[in-house]
Amino acid sequence: MSNIPENLRYSKDHEWIEVDGDIATIGITDYAQHALGDVVYIDMPRAGDKFTTHEAFGSVESVKAVSEVFTPIAGEVTEVNDGLNDTPEKVNNDPYDGGWMIKLKMDNPLEADAMLSAIEYEEFLAASA
Amino acid sequence: MSDENLKKTPLNEAHRRLGGKMVDFGGWDMPVQYTAGVIEEHMRCRTRAGLFDVSHMGEIWVDGHGAVAFVNRLTTNDVTKLVNGQAHYSALTNEQGGVVDDLLVYRFGLDKLLLVVNAGTTDKDWDWITSHKNGEDIALTNASADYCQIAVQGPDATGIVQKLSDVDLSDVKYYHFTTGRVDGVESIISRTGYTGEDGFEVYAKPEFAEQLWDKFLEVGRYGEDDGILPCGLAARNTLRLESAMSLYGHELADDISPLEAGLGWIVKLDKDGDFIGRDKIAALKEKGLTRKLAGFEMREPGIARDGFEVSVNGEKCGVVTSGSPAPFLKKNIGLAFLPVEFAKVGQEITIDVRGKHLKAEVVPTPFYKRQK
């Protein structure tokens, strides 16, 4: 069973966001990390980089494969989880907290409201199983 | 995609019960990893023991008075040097001196050899071998469906297999084998493997596969923190890569000479009698190689993958044949064909990792060598 915290919003590409004012923290969900397997490397952008909705902002590599990660909302990167590549296993073990990837200043906070709630994401996972 | 068209080993249900993530591996329904994950499986094999289903490999018997001469004619290594109970690593070569497959040759007797070939090339090898029979007094049998094969590898492997066997395994040296019982099951017990660790590969009738598998897990204390772990194809690949062992289709192919892949040590040009491709290989050795396989370590963050282009001094000149993280070494490593002048330890190379040009350095291989 996937862990899906209630207080976050979700995308169909298996990213989660946590909103605090106009800043969104973004990472990948428990479902995504489980599908990927052991994460060994995360390719991340830099503070100041700008992305549009659904643009790939980086990639997550497991032993066997690479997967792009998409931002569900448009914005400018304010902070990157720099230490993550020292302990990439945090993406697997702690995807919603220590495994956070970037913080984004949202161009349009309404985009966050349009994302899936925890229940909607859970239903989405069940439907695609 | 339905898995109904995929071939299954006798351990397919066992893999699923253990939480195996099943994938299509060359037409076989195989586990790429289990619940512990690739890194844990890899590490446990190096520190305690790993368990591998390799039942999809192929087995071909060559029986009769002409057996040694026949196999010696089709392979690069010297079959006449084998004694009963001994095996060697070898290659089937074509007329161009390229590799049809790499394999193990086991000598059971002067007129009884067993060839163990790769899963993906079994049919190709069978056709190759049978079509090259030329009046020799031999019988060829494709016995691939008659065997399951389970590998137990790691520092604890010998202890685990010994607990179940009536044979004194300390008498079975590396690249030697015996027949005997494992958990009461008639088996070929071979001190060989594809991980760089000590251990055994056990061949038995397929109806005993689950029994042996479950017994190895039990005796190996699967479930305990330092117990045996089943290892999937991903860990199998990272283990062999750390040990710089070739994988057919990557370091070896029909158009790659064993010399280019660093396998000159299994090519016995001076053995008695000719072998297919000998003259081309000898000519290449005489003329000198133009390309050679080299091991490298990434010097910038990033992972080189199979097929990525390699440049030296801004010029594209090579290709990665296998690339991956190395869980035990905690580095990102790989093998690549490079022009011979750049295939030297210390050479700086650049690898195109999805558009990013990352620095790497040629290093000695094997990357990992077990403490004896």
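Residues numbered from 1 in each chain as written. Chains lettered and ligands numbered in written order. Predicted model: local features only at pLDDT ≥ 70, side-chain atom pairs only at ≥ 80, totals over all residues.

> Residue-level account of the overall build of chain A, with values.
In terms of regular secondary structure, chain A is built from 4 helices and 9 strands. Relative to the globule expectation of 14 Å for 129 residues, the C-alpha radius of gyration of chain A, 13 Å, shows essentially globular dimensions. For chain A, buried positions account for 40% of its 129 residues. Considering only contacts in chain A between residues 6 or more positions apart, those separated by 24 or more positions represent 65%. (Helix = DSSP H or I, 4+ residues; strand = E, 2+ residues; numbered from the N terminus. Rg over C-alpha atoms; globule rule 2.2 N^0.38 Å. Buried ≥ 20, exposed ≤ 12 C-beta atoms within 10 Å, placed from the backbone. Contact = placed C-beta atoms within 7 Å.)

> Describe the overall build of chain B, with residues and values.
On a plain count of helices and strands, chain B comes out with 8 helices and 19 strands. Relative to a compact globule of 372 residues, whose C-alpha radius of gyration would be 21 Å, chain B shows 21 Å and is just as compact. For chain B, the C-alpha atoms occupy an extent of roughly 60 × 55 × 45 Å along the three principal directions. With 372 residues in all, chain B has 48% of them scored as buried. A separation threshold of at least 6 residues defines the contact pool for chain B, and within that pool the share at least 24 residues apart is 65%.

> Which residues make up the domain arrangement of chain B, and what values go with them?
The parts lose accessible area when they come together, and the size of an interface is often stated as this lost area. Residues and elements named next belong to chain B. The assigned domain composition of chain B is domain 1 (12–55 + 147–242), domain 2 (58–133) and domain 3 (290–372). Between domain 1 and domain 2, the residue contacts involve 9 residues of the former and 9 residues of the latter. Tallied by class, the residues present in the side of domain 1 that touches domain 2 amount to 4 nonpolar, 5 polar and no charged. (Domains from an automatic or database assignment. Nonpolar A, V, L, I, M, F, W, Y, C, P; charged D, E, K, R; others polar.)

> Describe unusual backbone geometry, naming the residues involved and giving the relevant values.
All names here are of chain B. Here the residue pair T365 and P366 is connected by a cis peptide bond, since its omega of 5° sits within 30 degrees of zero. Within the fold, P366 resides in the segment after β19 (356–363). For A244, which is not a glycine, the phi torsion comes out positive at approximately 55°. When you line up the elements, A244 lands in the loop between α7 (233–242) and α8 (278–287).

> Report on the interface of chain B and chain A, specifying residues and quantitative values.
The interface is formed by 12 residues belonging to chain B together with 8 residues belonging to chain A. Of all the elements in the fold, those that place two or more residues in the side of chain B that touches chain A are β2 (28–33), α2 (38–47), α7 and β16 (315–326) of chain B. Partitioned by chemical class, the residues of the side of chain B that touches chain A number 7 nonpolar, 5 polar and no charged.

> So what about the nonpolar core? Which residues, and what values?
With 132 residues, the main nonpolar core has V105, L113, I150 and V152 of chain B as its most contacted residues. Among the elements that line this core, the one with the most residues is strand β6 (residues 99–109) of chain B, at 7 residues. (Core = buried A, V, L, I, M, F, W, Y, C linked by C-beta atoms within 7 Å.)

> So what about the sheet that holds β6 of chain B? Which residues, and what values?
Residue and element names in this part refer to chain B. In space, the 5 strands of this open sheet follow the order β5-β6-β7-β4-β8, with antiparallel pairing throughout. At either end of the open sheet lies a strand with only one pairing partner, and these are β5 (86–93) and β8 (139–142). Between one strand axis and the next, the sheet turns by 25° as a mean value, whatever way the strands run. The strands that helix α4 (residues 122–131) touches are β4 (58–63), β5, β6, β7 (112–117) and β8; relative to β4, the one it contacts most, it runs at about 15°. (Pairing = 2+ DSSP bridges. Axes fitted to C-alpha atoms, helices over the stretch in contact; angles between N-to-C directions.)

> With reference to specific residues and values, describe the sheet that holds strand β2 (residues 15–20) of chain A.
All names here are of chain A. In spatial order, the strands read β1-β2-β3-β9-β8-β5; together these 6 strands make up an open sheet with antiparallel pairing. One side of each edge strand has no neighbouring strand; the edge strands of this open sheet are β1 (9–10) and β5 (50–51). In terms of strand pairing, strand β3 (residues 23–28) meets strand β9 (residues 102–106) through 4 bridges, oriented antiparallel. Its bridge partner lying in β9, I26 is registered against I102.

> Lay out the environment of T130 of chain B in plain terms, naming residues and giving numbers.
On the secondary structure map, T130 of chain B appears in helix α4. For the pair T130 of chain B and N142 of chain B, spaced 12 residues apart in sequence, the C-alpha separation works out to 9.9 Å.

> Summarise the confidence of the model for chain B; cite the residues concerned and give the values.
Mean pLDDT for chain B: 97, with 99% of residues reaching 70 or above. Our summary of model confidence lists the complex with pTM equal to 0.94 and ipTM equal to 0.86. (pLDDT = per-residue confidence, 0-100.)

> Break down the packing of α2 of chain B against α7 of chain B for me, with residues and values.
Residues and elements named next belong to chain B. Interhelical geometry of α2 versus α7 gives an angle of 50° and a closest axis separation of 9 Å. Judged on the interaxial angle alone, α7 and α2 are oblique. Regarding α2 and α7, the two cross each other, and that crossing is right-handed. Between α2 and α7, the residues in contact are V38, E41, H42 and C45 and A234, A235, T238 and L239, respectively. Residues of the contact of α2 with α7, tallied by class, amount to 5 nonpolar, 2 polar and 1 charged. (Parallel < 35°, antiparallel > 145°, perpendicular 65-115°, else oblique. Left-handed = near helix turned anticlockwise from the far one by under 90°.)

> Would you mind going over α2 of chain B in detail, with residue names and values included?
Residue and element names in this part refer to chain B. Of all 10 residues in α2, 7 are buried; the element is thus mostly enclosed. Among the residues making up α2, those that are buried are V38, I39, E41, H42, R44, C45 and R46. In this structure, the buried side of α2 is in contact with β2, β3 (50–53), β9 (148–153), β13 (229–230) and α7.

> Could you give an account of the environment of M57 of chain B, naming the residues involved and the relevant values?
Residues and elements named next belong to chain B. Mapped onto the elements, M57 comes out in the loop between β3 and β4. Sequence-wise, M57 and T122 are 65 residues apart; in three dimensions their C-alpha atoms are separated by 7.4 Å. Those residues within four positions of M57 in sequence are excluded, and the remaining contacts are V116, V117, N118, A119 and Q149.

> Quick rundown of the environment of D156 of chain B? Include the residues and the values.
Residues and elements named next belong to chain B. As for its placement among the helices and strands, D156 is situated in the loop between β9 and α5 (157–163). Accessibility expressed as a C-beta count within 10 Å gives 24 for D156, which makes it buried. Excluding anything up to four places from it in sequence, D156 contacts R48, A49 and G220.

> Break down the pairing of strand β10 (residues 177–182) of chain B for me, citing the residues and quoting the values.
All names here are of chain B. Pairing geometry for β10 and strand β11 (residues 185–190), over 6 bridges, is antiparallel. Looking at the pairing, V182 lines up with V185 of β11. Hairpin geometry of β10 and β11 is characterised by an intervening segment of 2 residues between the two adjacent antiparallel strands and by a positive phi of about 50° at D183.

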